[in-house]
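The residues making up each chain are set out below.
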Amino acid sequence: MNSNFLWGGATASYQCEGAWNIDDKAESMWDHYLHENNLENGDVASDHYHHFEEDIKMMKDGGHNAYRFSLSWPRIIKNRAGDINPKGIAFYNKLINCCLKNGITPFVTLYHWDLPQYWQEVGGWLNLDTSRAFAHYAEVCFEAFGDKVKLWTTFNEPKWFTVNGYLIGNYPPAEHDLQHTIICGFNVMYANALAIQKFRQGKFQGQIGIVHSYSPIDGIDDTIETKIAMRNADNYANNWVLDTAALGSFPIDLLAKLSETNDISFMKPDLLKTIAENKVDFLGLNYYARTLVKPYTSGETKMVFNNSGKKGSTQMRIKNWFEQVMDPNSEYTEWDTEIYPKGLEDGLIRAYQKYHLPIFVTENGVGFHENINVNEVKDDYRISFMNDHINALMNAQDKGADVRGYFTWSPFDLYSWMNGVEKRYGLVAVDFSTLKRKPKASYFWYKKIINSNGKLIERREY
Ligand code: BG6
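Residues numbered from 1 in each chain as written. Predicted model: local features only at pLDDT ≥ 70, side-chain atom pairs only at ≥ 80, totals over all residues. Heavy atoms only, no water.

Caption draft 1: Focus on unusual backbone geometry. Residue Pro 173 is bonded to the preceding Pro 172 through a cis peptide linkage, with omega at 10°. Here Pro 173 is to be found in the loop between α8 (158–168) and α9 (178–201). Here the bond from Trp 409 into Ser 410 is cis, since omega is 15°, no more than 30 degrees from zero. With respect to the helices, strands and loops of the structure, Ser 410 is situated in the loop between β15 (403–408) and β16 (428–430). If you check the backbone angles, Ala 174 has positive phi at about 55° while not being a glycine. In this fold, Ala 174 is placed in the loop between α8 and α9. Owing to a relative accessible area of 28%, Ala 174 belongs among the partly exposed residues under this scheme. (Helix = DSSP H or I, 4+ residues; strand = E, 2+ residues; numbered from the N terminus. Buried < 20%, exposed > 50% of the residue type's maximum accessible area, 1.4 Å probe, protein only.)

Caption draft 2: Layout of the site of the ligand. Around the ligand sit 15 residues in total, of which Gln 15, Glu 157, Ser 416, Lys 423 and Tyr 425 are the nearest. Between His 112 and the ligand, the recorded distance is 2.8 Å, taken from a side-chain N or O atom to an oxygen atom. One nitrogen or oxygen atom from the side chain of Lys 423 is found 2.7 Å from an oxygen atom belonging to the ligand. When the ligand is considered free in solution it has 380 Å² of accessible area, and contact with the protein chains removes 94% of it. When the residues that make up the shell around the ligand are grouped by side-chain class, the tally is 6 nonpolar, 6 polar and 3 charged. (Near = heavy atom within 4 Å. Polar contact = N/O pair within 3.5 Å; in protein donor to acceptor, adjacent residues only side chain to side chain. Areas by Shrake-Rupley, 256 points an atom, 1.4 Å probe, with all protein chains shown as cover. Nonpolar A, V, L, I, M, F, W, Y, C, P; charged D, E, K, R; others polar.)

Caption draft 3: Just the sheet that holds strand β10 (residues 315–318), in detail. In space, the 5 strands of this open sheet follow the order β6-β8-β11-β10-β9, with mixed pairing throughout. A single partner strand is all that each edge strand has here, and the edge strands are β6 (217–219) and β9 (302–304). Pairs of neighbouring strands in the sheet enclose a mean axial angle of 30°, with direction left out of account. Across 2 bridges, the pairing between strand β8 (residues 291–294) and strand β11 (residues 322–324) is antiparallel. By the bridge assignment, Lys 294 is partnered in β11 with Glu 323. (Pairing = 2+ DSSP bridges. Axes fitted to C-alpha atoms, helices over the stretch in contact; angles between N-to-C directions.)

Caption draft 4: Just the pairing of strand β1 (residues 6–10), in detail. Most of β1 is tucked away, with 5 of its 5 residues classed as buried. Here β1 shows no split at all, with Leu 6, Gly 8 and Ala 10 on one side and Trp 7 and Gly 9 on the other all buried. Pairing of β1 with β15 involves 4 bridges; the strand directions are parallel. Bridging from a neighbouring strand, Trp 7 pairs with Tyr 406 of β15.

Caption draft 5: Quick peek at the layout of surface pockets. Roughly 610 Å³ of internal volume is contained in the second largest pocket. For the second largest pocket, the lining is made up of 28 residues, of which Leu 167, Leu 178, Tyr 236, Leu 258 and Trp 321 are closest to its centre. Residue assignment for the lining of the second largest pocket shows that the elements contributing at least two residues are α8, α9, α10 (224–246), α11 (252–261) and β9. When residues of the lining of the second largest pocket are assigned to their parent elements, the largest contribution, 6 residues, is made by α11. Taken together, the residues of the lining of the second largest pocket sort by class into 16 nonpolar, 8 polar and 4 charged. (1 Å grid on protein atoms, 1.4 Å probe; cavity = no way out; pocket = protein on both sides within 12 Å on 5 of 7 lines; lining within 4 Å. Points joined across faces, edges and corners; volume = space filled by probe spheres on them.)

Caption draft 6: Broad picture of the sheet that holds strand β14 (residues 359–364). Taken together, 8 strands build a closed barrel; the order of strands is β1-β2-β3-β4-β5-β7-β14-β15 and the barrel is parallel. Adjacent strand axes in the sheet meet at a mean angle of 25° when their direction is disregarded. Looking at chain direction, strand β7 (residues 282–286) and β14 are connected through 4 bridges and run parallel. Opposite Asn 286, over in β14, you have Glu 363 as the bridge partner.

Caption draft 7: How the structure looks around the UniProt feature "active site" (unreviewed entry) in the chain. The positions that UniProt labels "active site" (unreviewed entry) are, in the present scheme, Glu 363. With respect to the secondary-structure elements, Glu 363 resides in strand β14. When sequence neighbours within four positions are dropped, the list of residues in contact with Glu 363 reads Ala 10, Arg 68, His 112, Asn 156, Glu 157, Leu 285, Asn 286, Tyr 287, Tyr 288, Phe 407 and Trp 409. Only 2.9 Å separates the side chain of Glu 363 from the side chain of Arg 68, close enough to count as a polar contact. (UniProt positions renumbered as here; feature names shortened; annotations may be inferred. Contact = heavy atoms within 4.5 Å.)

Caption draft 8: How the structure looks around the packing of aromatic side chains. Applying the stated rule across the entire model yields 46 aromatic pairs. Ring geometry for Tyr 67 against Phe 69: centres 5.0 Å apart, planes inclined by 40°, an arrangement best described as tilted. Both residues of the pair, Tyr 67 and Phe 69, count as buried. Between Phe 91 and Tyr 92, the ring centres sit 4.8 Å apart and the planes meet at 65°, which makes this aromatic pair edge-to-face. (Phe/Tyr/Trp six-rings, centres within 6.5 Å; stacked < 30°, edge-to-face > 60°.)

Caption draft 9: Quick look at the nonpolar core. Among the nonpolar cores identified, the biggest contains 150 residues, and Leu 71, Trp 73, Ile 76, Trp 125, Phe 134, Phe 145 and Trp 152 are the most heavily contacted of them. Per element, the largest residue contribution to this core is 13 residues, and it comes from α9. (Core = buried A, V, L, I, M, F, W, Y, C linked by side-chain atoms within 4.5 Å.)

Caption draft 10: Summary view of the pattern of salt bridges. Tallying each qualifying case throughout the model produces 30 salt bridges. In this structure, Glu 139 and Lys 198 form a salt bridge, with 3.7 Å as the shortest nitrogen-oxygen distance. Of this pair, Glu 139 sits in helix α7 (residues 128–145) while Lys 198 sits in helix α9, and the two are 59 residues apart along the sequence. Residue Asp 346 is joined to Arg 350 by a salt bridge in which the shortest nitrogen-to-oxygen separation is 4.0 Å. Of this pair, Asp 346 and Arg 350 both sit in helix α13 (residues 341–355), 4 residues apart, which is roughly one turn of that helix. In the salt-bridge network here, residues are joined through shared partners; they are Asp 218, Arg 290, Asp 327, Glu 338, Lys 342, Asp 346 and Arg 350. (Salt bridge = Lys/Arg side-chain N within 4 Å of Asp/Glu carboxyl O.)

This is the structure:
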């Protein structure tokens, strides 16, 4: 492991900050949707807004040398006119300074899903003005924090919020509309390019990338039908984000397939040109699991996501695209996430061979129901998960992939979107009623791993 390797944890503003209406923060789309529907929300979450010094100190004491977090757009920009909220800027200056004081490199994401509600009210990501406004917000952040932040990412997981928001419907704005899904995906990738353009034009120092929810695709066999299903699944899950950000264009066969059923004439040449001219410097890949697929050519499309923690409720079958299947030989969590470290090794190698860009593993972790009312949470399952995935990362490095960092999701317990706070990912337990923090066994294990720069990882081939 290179001595500059980044070891840290990742969080997202909405999932940990709380303070949803404090210091002139505007409402986000998630605030609005969860309040309207009376659902468990992140109003308080881990209250990182008021505990960030303690949390960052805990990271430092745990050996971390980097912290990936996101900025909240509605905390920084007050309205559609683009007015800046000085209190939002002040908060993030404090947070970034605290990182630097503790020897922690800030790794900043501009958008982790908390769209300002004032933009959602005029169409959100279906409206190109939102993409332009994102570029303005990005520029404000580069100017405010660019002297201290050198590693930026535009979006966290365009695929996840686009598909969940507009196709599966389990995230706001909770639609089931393929045309809207395509428009949202396009406008987000255009916004990514516009923000990169601002970064280059302003000659800000450092590097800018994008974070993708990377699910490498495997097939159940070697037949030509399965290979077609794999390509469809790869276009659906990965290529429209990664190819577009790294190579500057959407996969041509994806556009051809979409145009059979949908109108894609809104993808105008000047917009495509901006996308082609503004590519990322590196890739952030979040890895939770691979996708194993088989062909699916008859029957209805069915997309159900497991937010209940009840095993076996996931269904992902898209007619004439692919069907996701479970591997009978694999272990799955209660949320139907396969535990498959080899997928990380394969994925890092595939992504590096295809894009030739530096890669950071910007999220990797596992969520469980955990009883935290004990002296120390003995999360051996998380230790074993992390060992096997860091091992997979190191295997990929050994085989030539340029992987420069690993961020565990998450350094402390936080709010897990539609799964609420019951699905815990943290290395530090947060009691959500008292907001007290207590390290789990995995925190101390990770510290030893970091201090050895990975040498204490139990190595094996898959
Ligand atoms: C990633 C997101 O998709 O996975 C995080 O970037 C998210 O925001 C994490 O919390 C785990 O997913 P979930 O739904 O279990 O919280």
